[in-house]
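# Results of the structural survey
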Protein chains: 4
Amino acid sequence: MARQELTERAPGTERIQRKRGKRVKEIVETAAELFGEHGYDAVSLDDVAERLDVTKGSLYYYFPSKEELATAAIETLGDEWTARLERLAEQHEGGHAGLLRTLLHEHITIAVRDYPAALRLFLVPRAWPTAQADRIKELRGRHDAVFRRVIEAGVDAGEFTVTGVDTTLQCMHAAMAQSPLWCARLRGKARGNAISELTETLMMLVGQPPRTG
Amino acid sequence: MARQELTERAPGTERIQRKRGKRVKEIVETAAELFGEHGYDAVSLDDVAERLDVTKGSLYYYFPSKEELATAAIETLGDEWTARLERLAEQHEGGHAGLLRTLLHEHITIAVRDYPAALRLFLVPRAWPTAQADRIKELRGRHDAVFRRVIEAGVDAGEFTVTGVDTTLQCMHAAMAQSPLWCARLRGKARGNAISELTETLMMLVGQPPRTG
Amino acid sequence: MARQELTERAPGTERIQRKRGKRVKEIVETAAELFGEHGYDAVSLDDVAERLDVTKGSLYYYFPSKEELATAAIETLGDEWTARLERLAEQHEGGHAGLLRTLLHEHITIAVRDYPAALRLFLVPRAWPTAQADRIKELRGRHDAVFRRVIEAGVDAGEFTVTGVDTTLQCMHAAMAQSPLWCARLRGKARGNAISELTETLMMLVGQPPRTG
Amino acid sequence: MARQELTERAPGTERIQRKRGKRVKEIVETAAELFGEHGYDAVSLDDVAERLDVTKGSLYYYFPSKEELATAAIETLGDEWTARLERLAEQHEGGHAGLLRTLLHEHITIAVRDYPAALRLFLVPRAWPTAQADRIKELRGRHDAVFRRVIEAGVDAGEFTVTGVDTTLQCMHAAMAQSPLWCARLRGKARGNAISELTETLMMLVGQPPRTG
DNA sequence: GATGAATGAGATTTCATTCAT
DNA sequence: AATGAATGAAATCTCATTCAT
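Turning to the relation of the copies chain A and chain B, a few remarks are in order. The operation relating chain A to chain B is a screw motion whose rotation component is 179°, with 0.7 Å of axial translation and a residual RMSD of 0.9 Å. When the rotation and shift are considered jointly, the pair of chain copies conforms to a two-fold rotation axis. Interface residue correspondence from chain A to chain B reaches 89%, placing this contact among same-surface, isologous pairings.

The next thing to look at is helix H5 (residues 66-91) of chain A. Between the first and last C-alpha of H5(A) there are 38 Å, a value that for 26 residues agrees with the 38 Å anticipated at 1.5 Å per step. Within H5(A), the full set of buried residues consists of A:Lys66, A:Leu69, A:Ala70, A:Thr71, A:Ala72, A:Ala73, A:Ile74, A:Leu77, A:Gly78, A:Trp81, A:Thr82 and A:Leu85.

Residue and element names in this part refer to chain A. With respect to the secondary-structure elements, Thr 82 resides in helix H5. Since its relative accessible area comes to 1%, Thr 82 is described here as buried. Polar contacts involving the side chain of Thr 82 include one to the main-chain carbonyl oxygen of Gly 78, which spans 2.6 Å.

Attention now moves to the interface of chain A and chain B. Between chain A and chain B, the residue contacts involve 28 residues of the former and 28 residues of the latter. Summed over both sides, the interface of chain A with chain B buries roughly 2500 Å², with 68% coming from carbon and sulfur. Our count for the contact surface shared by chain A and chain B stands at zero salt bridges. Remark: the boundary between chain A and chain B carries four residue pairs in polar contact (both at pLDDT 80 or more). Taken together, the elements giving at least two residues each to the side of chain A that touches chain B come down to helix H2 (13-38), helix H7 (120-123), helix H9 (165-183) and helix H10 (188-203) of chain A. Tallying contributions element by element places H9(A) first for the side of chain A that touches chain B, with eight residues.

A separate point is the protein's contact with DNA strand F. Taken together, 32 residues lie around DNA strand F, and A:Thr55, A:Ser58, A:Tyr62, B:Tyr60 and D:Tyr62 are the ones closest in. Backbone sugar and phosphate groups make up 72% of those atoms of DNA strand F lying within 4 Å of the protein. A distance of 3.0 Å is found between a phosphate oxygen of DNA strand F and a backbone nitrogen or oxygen belonging to D:Thr55. Residue assignment for the surface near DNA strand F shows that the elements contributing at least two residues are H2 and helix H4 (56-62) of chain A, helix H4 (56-62) of chain B, helix H4 (56-62) of chain C together with helix H2 (13-38) and helix H4 (56-62) of chain D. The leading source of residues in the surface near DNA strand F is H4(A), at five residues. Among the residues forming the surface near DNA strand F, the class breakdown is 13 nonpolar, 10 polar and nine charged.

Before going further, it helps to spend a moment on the nonpolar core. In terms of nonpolar packing, the biggest core is built from 118 residues, with C:Leu100, C:Leu202, D:Phe35, D:Leu100 and D:Leu202 touching the most fellow members. Per-element tally for this core: the top contributor is helix H9 (residues 165-183) of chain D, with 10 residues. Beyond its immediate stretch of four places on either side in the chain, D:Leu202 contacts C:Cys171, D:Leu104, D:Ile108, D:Met172, D:Ala175 and D:Met176. Listed in part, the 115 residues of the second largest apolar core include A:Trp81, A:Leu85, B:Ile136 and B:Phe147.

Across the boundary between the two partners, chain C contributes 29 residues, which contact 28 residues of chain D. Here chain C and chain D share an interface that buries about 2500 Å² over both sides, 68% of which is from carbon and sulfur atoms. Our enumeration of links across chain C and chain D arrives at four residue pairs in polar contact (both at pLDDT 80 or more). Counting only elements with at least two residues in the side of chain C that touches chain D, the list comes to helix H2 (13-38), helix H7 (120-123), helix H9 (165-183) and helix H10 (188-203) of chain C. No other element matches H9(C), which puts eight residues into the side of chain C that touches chain D. A class-by-class count of the residues in the side of chain C that touches chain D yields 13 nonpolar, 11 polar and five charged.

This part is about the relation of the copies chain C and chain D. Overlay of chain C on chain D (RMSD 1.0 Å): rotation 179°, translation along the axis 0.8 Å. When the interface residues of chain C are mapped onto chain D, 86% of them again lie at the interface, so the same face is used by both copies.

In the vicinity of DNA strand E, 32 residues are found, and the nearest of them are B:Tyr62, C:Thr55, C:Ser58, C:Tyr62 and D:Tyr60. Close to the protein, within 4 Å, the atoms of DNA strand E are drawn from sugar and phosphate at a rate of 71%. Contacts to DNA strand E include A:Lys66, whose backbone N or O atom sits 2.8 Å from a phosphate oxygen. Counting only elements with at least two residues in the surface near DNA strand E, the list comes to H4 of chain A, helix H2 (13-38) and H4 of chain B, H2 and H4 of chain C together with H4 of chain D. Tallying contributions element by element places H4(C) first for the surface near DNA strand E, with five residues. A breakdown of the residues in the surface near DNA strand E according to their chemical character gives 13 nonpolar, 10 polar and nine charged.

Moving on: H2(D). All names here are of chain D. In this model, H2 (26 residues) spans 37 Å end to end at C-alpha, consistent with the 38 Å of a helix rising 1.5 Å per residue. If you check which residues of H2 are buried, you get Ile 27, Val 28, Thr 30, Ala 31, Ala 32, Leu 34, Phe 35 and Gly 36. Gly 39 occupies a position one or two residues after H2 and carries a positive phi of about 95°.

When you line up the elements, D:Val206 lands in the segment after helix H10 (188-203). Taking the C-alpha atoms as reference, D:Val206 lies 7.6 Å from D:Thr168; in sequence the two are 38 residues apart.

This paragraph deals with a positive patch on the surface. A contiguous patch of positive charge, built from A:Arg15, A:Arg18, A:Lys19 and A:Lys22, is present on the exposed surface. Secondary-structure assignment places A:Lys19 in helix H2.

Phi at A:Asp53 is positive, roughly 60°, even though this residue is not glycine. Inspection of the secondary structure puts A:Asp53 in the loop between helix H3 (45-52) and H4.

This next bit is on the environment of A:Leu99. All names here are of chain A. Relative to the helices and strands, Leu 99 is located in helix H6 (residues 96-114). Along the sequence, Leu 99 and Gly 154 sit 55 residues apart, while their C-alpha atoms lie 9.8 Å from each other. Those residues in contact with Leu 99, other than ones at most four positions away along the chain, are Leu 88, Ala 89, His 92 and Val 150.

Further remarks concern the pattern of salt bridges. Evaluated as defined, the whole model comprises 46 salt bridges over all chains. We note a salt bridge from B:Glu200 to B:Arg101, for which the minimum N-O separation is 2.9 Å. Taken together, the positions of B:Glu200 in helix H10 (residues 188-203) and B:Arg101 in helix H6 (residues 96-114) put the pair 99 residues apart, joining distant regions of the chain. Note on B:Arg101: relative accessible area 11%, which makes it buried. In this structure, C:Arg84 and C:Asp114 form a salt bridge, with 3.3 Å as the shortest nitrogen-oxygen distance.

Cut-offs used in this document
Residues numbered from 1 in each chain as written. Chains lettered and ligands numbered in written order. Predicted model: local features only at pLDDT ≥ 70, side-chain atom pairs only at ≥ 80, totals over all residues. Heavy atoms only, no water. Least-squares fit on C-alpha atoms with pLDDT ≥ 70 in both. Contact = heavy atoms within 4.5 Å. Helix = DSSP H or I, 4+ residues; strand = E, 2+ residues; numbered from the N terminus. Expected span 1.5 Å × (residues − 1). Buried < 20%, exposed > 50% of the residue type's maximum accessible area, 1.4 Å probe, protein only. Polar contact = N/O pair within 3.5 Å; in protein donor to acceptor, adjacent residues only side chain to side chain. Buried area = accessible area lost by both parts, 1.4 Å probe. Salt bridge = Lys/Arg side-chain N within 4 Å of Asp/Glu carboxyl O. Near = heavy atom within 4 Å. Nonpolar A, V, L, I, M, F, W, Y, C, P; charged D, E, K, R; others polar. Core = buried A, V, L, I, M, F, W, Y, C linked by side-chain atoms within 4.5 Å. Patch = residues over 30% accessible without salt bridge, like charges linked within 9 Å, V, L, I, M, F, W, Y side chains within 5 Å. Areas by Shrake-Rupley, 256 points an atom, 1.4 Å probe, with all protein chains shown as cover. Lys, Arg positive; Asp, Glu negative; His and termini not counted. Charge placed at Lys NZ, Arg CZ, Asp CG, Glu CD.

Just distances and angles here, no functional claims.
Structural data, given as structure tokens:
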């Protein structure tokens, strides 16, 4: 019996890994959704499990604790999100204002359309265990860097005016994190307009007058 | 029986009421402090009771549930807060920009110095019972109105430029709600500077170029 | 100071006692009502106090504990009740059937009209402390005795037929105790009819055919 | 993928369901026992859990609240009880008096011997949530119907005499509900005699003279 | 006589976590 | 891979009782 187990170890490991990855992603996204919606403490693993239509026990197969699940949610989302923004920044041609506008618009769109409520995970300042807090800080840093680079470049080029880059970044981030709440009830064109309006308003933070709609 | 009339009907009712009010205020303020600091879910009634140096049971003598206590805390804070801003607005003389700057500065100062965590109570989207949700919404309305009036007046006077008043308000509030987090580690002069910098940055949202520090 | 108290002991003691007696009676009746309605455990002293529009503390001025209050309720009610029935029995002239019918009718009337729900106190078998249990048993005995005497006399006279006097008594008592529940929703004539019908039905327990209404 | 079809979709679901059902039954029966013995309020979930040798938490795995557990207990008991009486009624051959006597005897026997305290759950007028109150009322209705049918049939056949069917039913039930109290201290033959005596006494409520023991 | 305040023991309920299968 | 069951610590809430005034 013991010997059997030794031989039967690795059949189709790859496909299994892929499947596992998909499952993990499902869980993480659902968790992020719920945590973002109600806050970490107000969401029980039962809630997460129920929305996924699995049992609580299953969650523990994929994650060793509730905290790790939340961290994974933040990490995964943050990673993907940042990657999308970084790609955009690389491809972009044109002035700093154009790039910043593009980044803001994309960021808000993702927040509102793809991961409503997920961003709040970054905001709600829970006392994470240090290991996880560090990881989160790093992510936040990478994320911030995308915007920071454009803004600093714009300032250097004399295109942007700011009181302080950090403060500007914080304001942008805070507003974008709340955006899903404001846009939650809008659909279709109205939502698109709201996103554009928010983008233009945030552009003012670097001294760019709003473009006429 | 006739003699009874000489005695006052409700003896000492007033003083008792005052005393009760004072106690309630103590409790509410302590609660607000803790809730604001750690969030609604992270604070147990034991925590509140312990800081007040009474037993859990006593809290229930004054409030029928944790939720009601939290609502009271929010209400008290919001009330006082708004009142302070309204007073400022009334007294102010001078242009719209000056008033808005004053309001923003005061708001951030209160948030950072006096109630370093209270704003989160308004933000974290907990599913309050409707009775309480309504009360909170009303508070936010009053609070919003203070800022809305200045901005609309400034726009009408041609002093301010905005893409949309609602959006502008939302961005301001989002940023201010986060401010205690950014300033938490700062003290003394550094903190004052941070507050001023944030104020100036937010002034840009209505098209006012930052004043040179 | 101590001396003063010795001299000031008894001014108008009598009137005070009477007043006290009235207050006690009010409390006892309200308590009996509530206990009978919802059961001893389901009623809190707060409930009693609120219906009386006094504070919980006041109840403790008159009764040393919840249990004593309940006992007092049972005792007072039982005492008065039994006294009324005993008086009726003494005055009565005529046959055994007539007396039993009168007693049943009166008993049910009191139960339904004067103390709805109070009788259940005797039924709900709580584990009273023995001191109080004894007192209750005695009361119950005196109460039972009124009916027992008529029934035994009737049986001896050959007027009544029963399988066993105890059993008959128990059935009567059980039915009468529930009667307020059945008649609670009836008013005026309808209630009078219901009481009469119940009386006639119980008369059958001693072999008396129902009188045509 | 094709292989999956060979495996059953919900593996062992049936056995699990059966096991769960068994567990639920164990809990419900233990609960019914305790609630019946001491009353709803006097029994804590700790009591139930301890007798089952599990923790409180486990009970909440099966029932969402104490009230639901109690309702389930009542329902289970009532269901089984009524079913037993209905079966008896179906099988019975002979006159109405014989059937009624059988039903009464069986009912009292169950009450006294099998569920020595369950009836109180039906009697003590607790304010159940309406959903559950309805279910209980329905149960009582079914239960009542068994007796009502015999009595009405007997009356129609001229075998029985009653003042009113409802009143008669109420008296019978009131007496039977108390029976466990009266017989609690009796054992063996004495108990059997008490049950028979009570049965005969209740037969008098429909005008049937007692059979000589 | 009566009240408001406070207490503390105990009840119900929640939930992250573990484990056998 | 996943589940159902169980646990236990901690949270919310209730309430009889005490006490200073």
